Amino acid sequence: MNLDSLTHTSGEWLRGSGPESDIVISSRIRLARNLAAFPFTNRASNGQKAEIEALLRERVAKLELEPKLSYLSIPALSSLDRQLLVERQLISRELAAADGPRGVALTPQETISLMVNEEDHLRLQVMRSGYSLEEAWQEIDRVDDLLEQRITYAFSEEFGYLTACPTNVGTGMRASVMLHLPALEYTKQIEKVFRALQKINLAVRGLYGEGSRASGHFYQISNQITLGKSEANILNEIQSVIPQIITYERQARLSWLRDNRQGLQDKIARAYGTLCSATMMTSEETMDLLSAVRLGINLHLIEEITIPTVNELFIYTQPAHLQKLRGASLDGEERNAARASYLRQRLREAGAHPN
Amino acid sequence: MKCQFCSNPATVHLTDIVDSHKKELHLCQSCAEQHHLIQKQELNLPAILQSLIGQHLGPQTDELARLTCPACGIKYMEFRAQGRLGCPHDYVVFRAGLAPLLQRIHRSNHHLGKFPQRSVLAPEQQAELVELRRRLQSAIDREAYEEAARLRDLLRRKGCHG
């Protein structure tokens, strides 16, 4: 698989389509699995990690999946390519930074990624654009079943799928939905939502997972509990709150529009104007401005640009993507200039041919 | 200094340098947590796990502290310090410490989800395989190739293919 091809597409989760895609960016499910006969990754020698990798790689290659998965060895990748995969959410920051033999198997559309020798031997991930947890579950369950025919998983009747960290044991499942919530944040109701979610043991994280900031008003909501509930139950709990959050965000958008249409219009127009004309742009500012533009498109306050284009800009303006596009390694200041110039060019094209 | 989100005193001070631009945040503990701004290292998951484990051990602590997994060689205290287990068999060996910990984390200590369709290995079989693998690795490290070959054969005979 040639990673350069990734810079010509925006990947499944940023396709900008699917149910409720004005607010739900993507749905994602991951399963943690381990081989029964090996120590967990943190306790495995490099020799054992190589054995685990060879074994899983061989089994994954034989999966009856169309299209086939391609396997990438992480140590063989440049740090820029690793960062590119992190930015696209195909591997975790932990896998990018870890030591020893490890890798990832991917489908060309980036809907499935199987990480090898992460904290657990195998981390399966399925991603869908928009709000489609159910579909993501069907897919990952099928891949898990296929793998299980060829691999003896570490499993106990009492504790379920055994994982390196006790916080993942049981189903080994983390289901998450990424939401764009600019109006709830602006109207300061987001805290209320978070508190309510915490009470029912759902976690809220920023765009790039644990410890990351919620830049661009993107939030990931996921289950924390993995033991003592069935997968269907866990999914139901998340699915019982997401529609409410979507409704709150829509209401907040409408009341913002009703109470201060001019102010909102101005905010969005300024964001668009800055993106079209600035000559230096940090990734943080880009996220915030694109977030405002995205909101403007959904409220029909801006016509020059479409959601898929904005989604593309979100990902292509990330540091590794930008450097890939430019074909050169750039330092912070150079990146800011390159980012601004890329944005100006893309928005000029989009404005000239609105679709 | 006051928290930027509420009026409580700010106790968490974060400096973010993005593309060589400095951004400062001053928050109270609870806002910092709610915004998930405290990094993993600062949150110190192992320490939290350790305190969770500690709370539930009481008189059992000494007994647990002496436990070592025969399959992978990890000590219970090492698990406490790192928050990560060494191998699947630890769930059997450290059960006395883990069951209350799981209860605390998940409010349950019994699996209710999916089961593998194929028959699963019994815990003893899983442990034996992990231990054989450990002995194999140590034989290779010592360059004891005859022993390594013997162990490899044994693993193969036990039908271990992952």
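Owing to the predicted nature of the structure, the values given are computational and were not obtained by experimental measurement. Throughout this document, residue positions are counted from 1 along each chain, in the order its sequence is written. By the order in which they are written, chains take letters starting at A while ligands take numbers starting at 1. Local features in a predicted model are, by the rule used here, given only for residues with pLDDT of at least 70; side-chain atom pairs are given and counted only at 80 or more, and totals for whole chains, interfaces and linings are based on all residues. In computing side-chain values, all of the structure's heavy atoms are included and hydrogens and water are not.

Moving on, we get to the overall build of chain A. Scanning chain A from N- to C-terminus turns up 12 helices and 10 strands. As defined in this context, the radius of gyration uses C-alpha atoms, and a globule is described by 2.2 Å times the residue total to the power 0.38. Here chain A has a C-alpha radius of gyration of 21 Å; the compact-globule value for 355 residues is 20 Å, and the two agree. When a residue's accessible area, from a 1.4 Å probe over protein chains only, is under 20% of the maximum for its type it is buried; when over 50% it is exposed; and in between it is partly exposed. Buried positions account for 64% of the 355 residues belonging to chain A. By the convention used here, residues are in contact when the closest approach between their heavy atoms is within 4.5 Å. Partitioning the contacts of chain A with sequence separation of at least 6, the portion at a separation of at least 24 is 70%. Computed with a 1.4 Å probe, the accessible areas rest on the Shrake-Rupley method; for each residue, only the protein chains presented here act as cover. Accessible surface for chain A amounts to roughly 12800 Å². Of this, 49% is attributable to carbon and sulfur atoms. Helix and strand labels come from DSSP, where a helix needs a run of H or I of at least four residues and a strand needs a run of E of at least two; each type is numbered from the N terminus.

Turning our attention to the overall build of chain B. For chain B, the count of helices and strands is 9 helices and 2 strands. Element order for chain B, N to C, with α for helix and β for strand: β-β-α-α-α-α-α-α-α-α-α. The proportion of buried residues among the 162 residues of chain B is 40%. For chain B, the proportion of contacts with a sequence separation of at least 24, taken over those separated by at least 6, is 37%.

So, about the nonpolar core. With 102 residues, the main nonpolar core has A:I29, A:L114, A:L147, A:L179 and A:V293 as its most contacted residues. For this core, the leading source of residues is helix α7 (residues 231–259) of chain A, giving 10 residues. What makes a nonpolar core is a set of buried Ala, Val, Leu, Ile, Met, Phe, Trp, Tyr and Cys residues whose side-chain atoms join them at distances within 4.5 Å. Judged by nonpolar contacts, the second largest core, of 24 residues, contains A:F40, A:A154, A:L162 and B:A127.

All names here are of chain A. One can find K49 in helix α1 (residues 46–61). For K49, a relative accessible area of 11% corresponds to the buried category. C-alpha of K49 to C-alpha of I91: the two residues are 42 residues apart in sequence and 18 Å apart in space.

So, on to the pattern of salt bridges. Here the idea is simple: oppositely charged side chains can pair when their charged atoms come close. Residues and elements named next belong to chain A. Every case where a carboxyl oxygen of Asp or Glu lies within 4 Å of a side-chain nitrogen of Lys or Arg is listed as a salt bridge. All chains considered together, the criterion is met by 27 salt bridges over all chains. The partner of D144 in a salt bridge is R33, and the shortest N-O contact between them spans 3.0 Å. Of this pair, D144 sits in helix α4 (residues 133–148) while R33 sits in strand β1 (residues 24–33), and the two are 111 residues apart along the sequence. Summarising the burial analysis for this pair, D144 and R33 share the class buried. A salt bridge links R150 to E64; the nearest nitrogen and oxygen atoms lie 3.1 Å apart. A residue pair is termed long-range when its members are at least 10 positions apart, and R150 in the loop between α4 and β6 (155–156) and E64 in the loop between α1 and β2 (70–73) qualify at 86 residues.

Now for unusual backbone geometry. The amide bond that connects A:E66 to the next residue, A:P67, takes the cis arrangement and shows omega of -10 degrees. If you trace the backbone, A:P67 turns up in the loop between α1 and β2. At A:H300, a position not held by glycine, the phi torsion is positive, near 60 degrees. Positionally, A:H300 belongs in the loop between α9 (283–298) and α10 (307–316). Phi at B:E143 takes a positive value of approximately 60 degrees, unusual for a residue other than glycine. Relative to the helices and strands, B:E143 is located in the loop between α8 (123–141) and α9 (145–157).

Residue and element names in this part refer to chain B. Taken over all residues, the pLDDT of chain B has a mean of 79, while the share at 70 or more is 77%. Values of pLDDT, ranging from 0 to 100, describe the predictor's confidence in every residue of the model. Averaged pLDDT values over the elements of chain B bottom out at 48 in helix α2 (residues 40–43) and peak at 94 in helix α6 (residues 90–93). Across the predicted assembly, pTM comes out at 0.82 and ipTM at 0.87.

What follows deals with the interface of chain B and chain A. One frequently used descriptor of interface size is the decrease in accessible area upon assembly of the parts. Across the boundary between the two partners, chain B contributes 56 residues, which contact 68 residues of chain A. Accessible area that two parts lose when put together, with a 1.4 Å probe and added across both, is what the buried area reports. Summed over both sides, the interface of chain B with chain A buries roughly 5500 Å², with 51% coming from carbon and sulfur. Along the contact surface separating chain B from chain A lie 7 salt bridges. Under the rule applied, a polar contact is a pair of N or O atoms within 3.5 Å (in protein, one hydrogen donor and one hydrogen acceptor; residues adjacent in sequence only if both atoms are side-chain atoms). Where chain B packs against chain A, one counts 19 residue pairs in polar contact (both at pLDDT 80 or more).

A separate point is the packing of aromatic side chains. In summary, the pairing rule links any two rings of Phe, Tyr or Trp, Trp by its six-membered ring, whose centres are within 6.5 Å, and it sorts them by plane angle into stacked for under 30 degrees, edge-to-face for over 60 and tilted for everything else. Under the definition given, this model contains 10 aromatic pairs over all chains. Put simply, the rings of A:Y153, A:F155, A:Y161 and B:F115 pair up and form one aromatic cluster. Across from the ring centre of A:Y153, 5.6 Å away, lies the NZ or CZ of A:R33, which sits over that ring. If you follow A:R33 out to its NZ or CZ, it ends over the ring of A:Y161, 3.5 Å from the centre. For a lysine, the NZ atom is tested; for an arginine, the CZ atom; a charge sits over a ring if that atom is within 6 Å of the ring centre and within 35 degrees of the ring normal.

With that settled, the discussion passes to the pairing of strand β10 (residues 218–223) of chain A. Residue and element names in this part refer to chain A. In terms of residue burial, β10 counts as a mostly covered element, since 6 of its 6 residues are buried. What you see with β10 is no split at all: F218, Q220 and S222 on one side and Y219, I221 and N223 on the other are buried throughout. By the bridge criterion, 4 bridges tie strand β9 (residues 202–205) to β10 in an arrangement that is antiparallel. Paired with A203 across the bridge in β10 is S222. Pairing between two strands is assigned when DSSP locates at least 2 bridges connecting them.

Residues and elements named next belong to chain A. Of all the 8 residues making up helix α11 (residues 319–326), 6 are buried; the element is thus mostly covered by neighbouring parts of the structure. Among the residues of α11, P319, A320, H321, L322, Q323 and K324 are the ones counted as buried. Positive phi appears at G327, one or two residues downstream of α11, with a value of about 65 degrees.

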